[in-house]
Amino acid sequence: MLMEIHILQNHAPSNLNRDDTGSPKDAIFGGVRRSRISSQALKRAIRRSPVFQDALRDAGLAMRTRQLPQKVKEILLQRGLSEEMADIGAQKASGFGTKDGKEQKVDAERNHVETAQIMYLTPQDMEAVAEVIYTAAVEAKTADHFRKVSAKELQAKARDNWRPITPDVALFGRMITSDAFRDVESALQTAHAISTHRMEHEFDYYTAVDDLLDPSTSEDDKGAAMIGDVEFTSACYYKYFGLDLDGFVDNLVGGRGDISPEERARAVEMAQVTALAFLEAAIFSIPSGKQNSFAAHQLPDAILVEVCERKVPVSYANAFVKPVQSRSGEDLVTLSIEALKAHVELLTKKFSLRRVGRFWFSTRAIQIEGTRACETIDELLAQLKSVLRSGMSVG
């Protein structure tokens, strides 16, 4: 079963996702430059949002970090190893971030070491690494012998043939060049958000004045202490997400054929919980770029959620291949919703698109044919929950 989410969201002047020069990200689409928010920025905003975190807190969540050595050190100290042995263990853990198990250099000033790459790790992953290193430390008995233990060999002992993963890893996936951790194919596809219209770059020229200077008493105190500029834009974005719910379940159970009906039932239930949490977080989360300067906290004006038995993803981005242009008497958001409506109805008819459930929410009095109108987000979530419960097989 496939769940697809389509969102139209209009943001006031902002710079939610910037490139290496500080400019709002953009892209050419339909021969016209559009404002863009990368899929990475959207996913991080969702993953770190209080909505998503709170909904899945009891299930346990992973961490994207280079601080595995420090987490391992904490566990080793809790298990009774000395500070010296725990420090050696942390350095061994730093080799778990590379294929060859190469230990990383310690920052002597901070007595701190990190892995070579940032990794998406579950609490179970960290415990497994700590267990292998703890056992090696006990067997080595002395610090000198422990230092000679190969991090690569320890990595092999911690090899993840199958270790339970958390729902966020099952959803977002991960790829790690280390045998100690299992790669997970993402159950989620996320498009870069693009504006429904042509992008216009603008600049905010700003100054800062020294509060302790008095321009009334001295010419030298007049003027700004600092000047600068910040690029920004405002845009109505189209966002698209596709969640393979069966793939999510397979990720949780590890693709094993020996799982019990009870275990699969728990994985299916977690898929339903995660799907609802993801949708709510996608609605209420916004990338954090330059928000202290612009506070562009606008909620979506249109949300279409589709549930399909056939896994044939369909993005409606081409509704905006011709950029929307505001005109007298009609605002950009309304025109964007109308363009989406026309495109959805056209593709549904031309390609005979079939959906198990199709739910529509909008702040405008516009209805897409063949969808169930939801007056509130709570109603949208309730309708989706009902369809997922009835449509996802436990057997």
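Everything in this summary refers to the structure shown in the same document. As the structure is a prediction and not an experimental result, all values here were calculated from the model. Here the residue numbering is sequential within each chain, running from 1 through the sequence in written order. Two thresholds apply to this predicted model, a pLDDT of at least 70 for residue-level local features and 80 or more for giving and counting side-chain atom pairs, whereas whole-chain, interface and lining totals are computed over all residues. Hydrogens and water molecules were not included; the side-chain quantities draw on all heavy atoms of the structure.

1. A closer look at the pattern of salt bridges
Test applied: For this analysis, a salt bridge means a side-chain nitrogen from Lys or Arg found within 4 Å of a carboxyl oxygen belonging to Asp or Glu. Strands are runs of DSSP state E lasting at least 2 residues, helices are runs of H or I lasting at least 4, and numbering of each runs from the N terminus.
The final tally for this structure, using the stated rule, is 27 salt bridges. With a closest N to O distance of 2.7 Å, arginine 174 and aspartate 125 form a salt bridge. Linking arginine 174 in the loop between α8 (167-172) and β6 (188-190) with aspartate 125 in helix α5 (residues 123-140), this pair joins segments that are 49 residues apart in sequence. Taking the shortest distance from any N to any O, the salt bridge between glutamate 330 and arginine 327 comes out at 3.1 Å. Among the ionic contacts, a cluster of salt bridges with common partners joins Glu4, Glu306, Arg355 and Arg358.

2. Topic: the environment of lysine 290
Rules: In what follows, residue pairs with any heavy atoms lying within 4.5 Å of each other are defined as contacts.
By the element assignment, lysine 290 lies in the loop between α10 (261-284) and α11 (291-294). Taking the C-alpha atoms as reference points, lysine 290 and serine 14, 276 residues apart in sequence, are found 7.1 Å from one another. When neighbours within four sequence positions are excluded, lysine 290 is seen to be in contact with Asn15, Arg18, Val230 and Ala295.

3. What to know about the nonpolar core
In plain terms, the rule: Side-chain atoms within 4.5 Å are what join buried Ala, Val, Leu, Ile, Met, Phe, Trp, Tyr and Cys residues into a set we call a nonpolar core. Under the scheme applied here, a residue whose accessible area is under 20% of the maximum for its type counts as buried, over 50% as exposed, and between as partly exposed, the area being computed with a 1.4 Å probe on protein chains only.
Grouped together as the largest cluster of nonpolar side chains are 50 residues, with contacts concentrated most on Met3, Phe52, Phe278 and Leu380. When residues in this core are grouped by element, the largest group, 11 residues, is from α10. Setting aside residues up to four positions removed in sequence, leucine 380 forms contacts with Leu279, Ile283, Ile303, Val305, Phe359, Phe361 and Cys374. Judged by nonpolar contacts, the second largest core, of 27 residues, contains Val72, Ile75, Met119 and Ile133.

4. Some points on the side chain of aspartate 301
Defined as follows: In the analysis that follows, any N or O atom pair within 3.5 Å is treated as a polar contact, provided that within protein one partner can donate a hydrogen and the other can accept it, and provided that, for residues neighboring in sequence, both atoms belong to side chains.
Counting through the fold element by element, aspartate 301 comes out in the loop between α11 and β10 (302-308). You can call aspartate 301 buried: its relative accessible area is 13%. A distance of 2.5 Å separates the side chain of aspartate 301 from the side chain of threonine 363, its partner in a polar contact. Side chain to side chain, aspartate 301 and arginine 364 meet in a polar contact 3.1 Å long.

5. Some details on helix α12 (residues 332-350)
Think of an α-helix as 3.6 residues a turn; residues three or four steps apart then line up on the same face. Counted only if it meets this: Here a helix's expected span is defined as the number of its residues, less one, multiplied by 1.5 Å.
The terminal C-alpha atoms of α12, which comprises 19 residues, lie 27 Å apart, in line with the 27 Å expected from a rise of 1.5 Å per residue. Among the residues of α12, Val333, Thr334, Leu335, Ser336, Ile337, Ala339, Leu340, His343, Val344, Leu347 and Thr348 are the ones counted as buried. Two residues or fewer after α12 comes serine 352, characterised by a positive phi angle close to 50°.

6. Quick word on the pairing of β10
Look at any regular strand and the pattern is simple: side chains alternate between the two faces of the sheet. Applied cut-off: Should DSSP find at least two bridges between two strands, the strands are regarded as paired.
Across the 7 residues that make up β10, a large majority, 7, are buried. Burial of β10 is two-sided: the residues Ala302, Leu304, Glu306 and Cys308 facing one way and the residues Ile303, Val305 and Val307 facing the other way are all buried. Pairing analysis gives 7 bridges linking strand β1 (residues 2-14) to β10, with the strands arranged antiparallel. The residue of β10 that forms the bridge with histidine 6 is leucine 304. Pairing analysis gives 6 bridges linking β10 to strand β11 (residues 357-362), with the strands arranged antiparallel. Bridge pairing in β11 places alanine 302 opposite serine 362.

7. A few points about the packing of aromatic side chains
In plain terms, the rule: Stacked, edge-to-face and tilted are the three classes for Phe, Tyr and Trp ring pairs, Trp counted by its six-membered ring, which pair at centre distances within 6.5 Å; planes under 30 degrees apart are stacked, over 60 edge-to-face, the rest tilted. Only lysine NZ and arginine CZ atoms are considered, and such an atom sits over a ring when it is within 6 Å of the ring centre and within 35 degrees of the ring normal.
For the coordinates displayed, the defined rule picks out 5 aromatic pairs. A network of ring pairs unites the aromatic residues Phe52, Phe172, Phe241 and Phe278 as a single cluster. We note arginine 64 situated over the ring of tyrosine 120; from NZ or CZ to the ring centre the distance is 4.5 Å. The ring of tyrosine 134 is capped by arginine 79, whose NZ or CZ atom sits 5.2 Å from the centre of that ring.

8. Topic: the environment of alanine 193
Relative to the helices and strands, alanine 193 resides in strand β7 (residues 193-195). Overall, alanine 193 belongs to the buried group, its relative accessible area being 0%. When the C-alpha positions of alanine 193 and alanine 277 are compared, they lie 20 Å apart, and in sequence the two are 84 residues distant. Leave out the neighbours within four places in its chain, and alanine 193 touches Ser35, Arg36, Ile37, Leu42, Tyr237, Tyr238 and Lys239.

9. Quick notes on the packing of helix α3 (residues 68-78) against helix α4 (residues 83-94)
Heads up, the rule is: To obtain each axis, a line is fitted to C-alpha atoms, and for helices this fit is confined to the stretch in contact; angles are then taken between N-to-C directions over 0 to 180 degrees. Should the near helix be turned anticlockwise from the far one by less than a right angle, the crossing is left-handed, and should it be turned clockwise, the crossing is right-handed. Residue type decides the class: Asp, Glu, Lys and Arg count as charged, Ala, Val, Leu, Ile, Met, Phe, Trp, Tyr, Cys and Pro as nonpolar, and the leftover types, Gly among them, as polar.
Put simply, α3 and α4 touch, their axes get as near as 8 Å, and they point 145° apart. Along this stretch, α3 crosses α4, giving a crossing that reads as right-handed. Between α3, through Leu68, Pro69, Val72, Lys73, Leu76 and Leu77, and α4, the contact on the second element is made entirely by Glu83, Ala86, Asp87, Gly89, Ala90, Ala93 and Ser94. The class makeup of the residues in the contact of α3 with α4 is 8 nonpolar, 2 polar and 3 charged.

10. Concerning the environment of valine 253
As for its placement among the helices and strands, valine 253 is situated in helix α9 (residues 245-253). Take valine 253: its relative accessible area is 2%, and that puts it in the buried class. Separated by 91 residues in the primary sequence, valine 253 and tryptophan 162 place their C-alpha atoms 9.0 Å from one another. For valine 253, the contacting residues outside a window of four places in its chain are Trp162, Ile259, Arg264 and Ala267.

11. Describing unusual backbone geometry
Even without glycine at this site, lysine 141 takes up a positive phi of about 70°. As for its placement among the helices and strands, lysine 141 is situated in the loop between α5 and α6 (143-147). Assessed through its relative accessible area of 72%, lysine 141 is described here as exposed. Unlike most non-glycine residues, lysine 290 shows phi in positive territory, near 55°. We classify lysine 290 as partly exposed; its relative accessible area is 29%.

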